[in-house]
Amino acid sequence: MAKSTDFPEGFAHYPLYFSPEEQTALIDAVKAATQTAPFFQPRMPRTGAPLSVVMSNFGTLGWVTDKEAGYRYEPTHPITGAPWPPLPDLLTKLWREVADWPDLPEACLINWYRAEGGKDGAKMGMHVDSDELAVNAPVVSISLGDPAMFRIGGPKRGGPTQGVKLMSGDVVVLAGAARRCHHAVSKVYYGESALVPKGGRLNLTMRRVNV
DNA sequence: AAGTGGCG
DNA sequence: CAGT
C-alpha cells in the first residue's frame, strides 16, 4: 500500500533554498534578460493552441514551440533571432550544488505564469520533459513569486498524482525515475506575493540537452 | 494534447 | 498534497 507521501524516486524539494535577496537578484536577472529576449507566446504543434504561460530562456539553447515545428531547442530567440542571454552565475552555482551531473545545463526556460493567462490564470498541464537527448540529466526548477501547486504522477498519463505547494525561493529537482514522470502546475495562488513585477509566478527550469 | 472550459 |  503506497503512502500519500511517496513521491517518485529522484524527486527532491528544497524549501526556501534562496534567500529573499537572492530571489530579488534572480527576478532582476529575468527582467534584464527579457529586455533583449522578450517573452513570447508558445503554441502547440499542429493545432497552434497557445499555452497559457509566456516564455523566454537563458543559456546557449532555449526551449521553443510553435504550430509549424513543435517542441524543440533553438540557439536563438524565435522573434528577434538573437542568441539567448547567458545563464546567471547564481543558477550555474545552484546546478553545481544540487544536480549531481558532470555537465552544465545548456538551457534555462523562463516560464511566467500570469493571472491574465486564462480563466484561473496561467497553468501547465500534465507532461513529461522529453525533448532532451540527455534523458537522464536532472531537471532543476526554481520558483519565484506567487505560490503554486506542483503535481507529479507516474511514467504514464492518467494515474494517481502527488501534490506539493511550491513557495517563492523553493527549488525542485527531478532526477532518476522522477525525471521520466508526468508533472504539472495545477494551480497558482495569484496575488499572494509582490516579488514579481506585474505579478504572478516565475519558474526557471534548467536542463541539460545534449549528451 | 507542455490546450481550454464547463459540468457534476 | 488525488476529481473526472
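What counts, and at which threshold
- Residues numbered from 1 in each chain as written.
- Chains lettered and ligands numbered in written order.
- Predicted model: local features only at pLDDT ≥ 70, side-chain atom pairs only at ≥ 80, totals over all residues.
- Heavy atoms only, no water.
- Near = heavy atom within 4 Å.
- Polar contact = N/O pair within 3.5 Å; in protein donor to acceptor, adjacent residues only side chain to side chain.
- Nonpolar A, V, L, I, M, F, W, Y, C, P; charged D, E, K, R; others polar.
- Buried < 20%, exposed > 50% of the residue type's maximum accessible area, 1.4 Å probe, protein only.
- Helix = DSSP H or I, 4+ residues; strand = E, 2+ residues; numbered from the N terminus.
- Pairing = 2+ DSSP bridges.
- UniProt positions renumbered as here; feature names shortened; annotations may be inferred.
- 1 Å grid on protein atoms, 1.4 Å probe; cavity = no way out; pocket = protein on both sides within 12 Å on 5 of 7 lines; lining within 4 Å.
- Contact = heavy atoms within 4.5 Å.
- Axes fitted to C-alpha atoms, helices over the stretch in contact; angles between N-to-C directions.
- Phe/Tyr/Trp six-rings, centres within 6.5 Å; stacked < 30°, edge-to-face > 60°.
- Lys NZ or Arg CZ within 6 Å of the ring centre and 35° of its normal.

**Student:** Honestly, the protein's contact with DNA strand C in this entry has me stumped. Any pointers?
**Tutor:** The environment of DNA strand C is formed by seven residues, the closest being Arg151, Pro160, Thr161, Gln162 and Gly163. Taking all atoms of DNA strand C within 4 Å of the protein, the share assigned to sugar and phosphate is 26%. Separating a base nitrogen of DNA strand C from a backbone N or O atom of Gly163 is a distance of 2.7 Å. When grouped by side-chain class, the residues that make up the surface near DNA strand C number two nonpolar, four polar and one charged.

**Student:** What am I meant to see in the pairing of strand E12 (residues 201-207) here?
**Tutor:** Consecutive residues of a regular strand have side chains that alternate between opposite faces of the sheet. By the criterion of burial, E12 is predominantly enclosed, with seven of the seven residues buried. In this structure, strand E5 (residues 107-113) lies alongside E12, joined through seven bridges in antiparallel fashion. Bridge pairing in E12 places Asn111 opposite Asn203. Sheet topology places strand E7 (residues 139-145) next to E12; seven bridges connect them, and they run antiparallel. Residue pairing across strands places Val140 opposite Met206, the latter belonging to E12.

**Student:** Please explain the UniProt feature "binding site: Fe cation" (unreviewed entry) in chain A as it appears in this structure.
**Tutor:** The positions UniProt marks with the feature "binding site: Fe cation" (unreviewed entry) are His127, Asp129 and His183. Of the residues just listed, which span 57 residues, no C-alpha pair is farther apart than 8.9 Å, and they cluster in one region. Set against the largest pocket, the annotated residues named above that line it are His127, Asp129 and His183. When you line up the elements, His127 lands in strand E6 (residues 124-127). Residue His127 is classed as partly exposed on the basis of its relative accessible area, which comes to 27%. Setting aside chain neighbours within four positions, we find His127 in contact with Cys181, His182 and His183. In terms of polar contacts, His127 uses its side chain to reach the backbone carbonyl oxygen of Gly125, at 3.0 Å.

**Student:** I tried to follow the sheet that holds E12 on my own but got confused; where do I start?
**Tutor:** In sheet architecture, strand pairing relies on hydrogen bonds along the backbone and comes in two forms, parallel and antiparallel. One open sheet holds the six strands; their spatial order is E1-E10-E7-E12-E5-E2, and the pairing between them is antiparallel. Of all strands in the sheet, those with a lone pairing partner are strand E1 (11-14) and strand E2 (54-59), marking the two edges. Across the sheet, the mean angle separating the axes of adjacent strands is 20° when strand polarity is ignored. Here four bridges tie E1 to strand E10 (residues 171-174), and the two strands are oriented antiparallel to one another. Paired with Phe11 across the strands is Leu174, a residue of E10.

**Student:** Would you mind going over the packing of aromatic side chains with me for this structure?
**Tutor:** For any pair of aromatic rings, the description consists of the separation of the ring centres together with the inter-plane angle of the planes. Summed over the entire model, instances satisfying the criterion amount to seven aromatic pairs. Both rings, one in Phe39 and one in Trp112, keep their centres 5.1 Å apart while their planes meet at 40°; by these two values the pair is tilted. On the criterion of sequence distance, the pair formed by Phe39 in the loop between helix H1 (20-36) and E2 and Trp112 in strand E5 is long-range, its members being 73 residues apart. The class for Trp112 is buried, based on a relative accessible area of 12%. Ring geometry for Phe40 and Trp84: centres 6.4 Å apart, planes at 40°, overall tilted. With Phe40 in the loop between H1 and E2 and Trp84 in the loop between strand E4 (72-74) and helix H2 (89-98), this pair connects stretches of sequence that are 44 residues apart. Given the relative accessible area of 5%, Trp84 is considered buried. Each member of the aromatic cluster is reached from another via a ring pair, and the members are Phe7, Phe11 and Phe150. Lying across the ring of Tyr189, Lys165 places its NZ or CZ 4.2 Å from the centre. Taking NZ or CZ as reference, Arg201 lies 5.2 Å from the ring centre of Tyr113, over its face.

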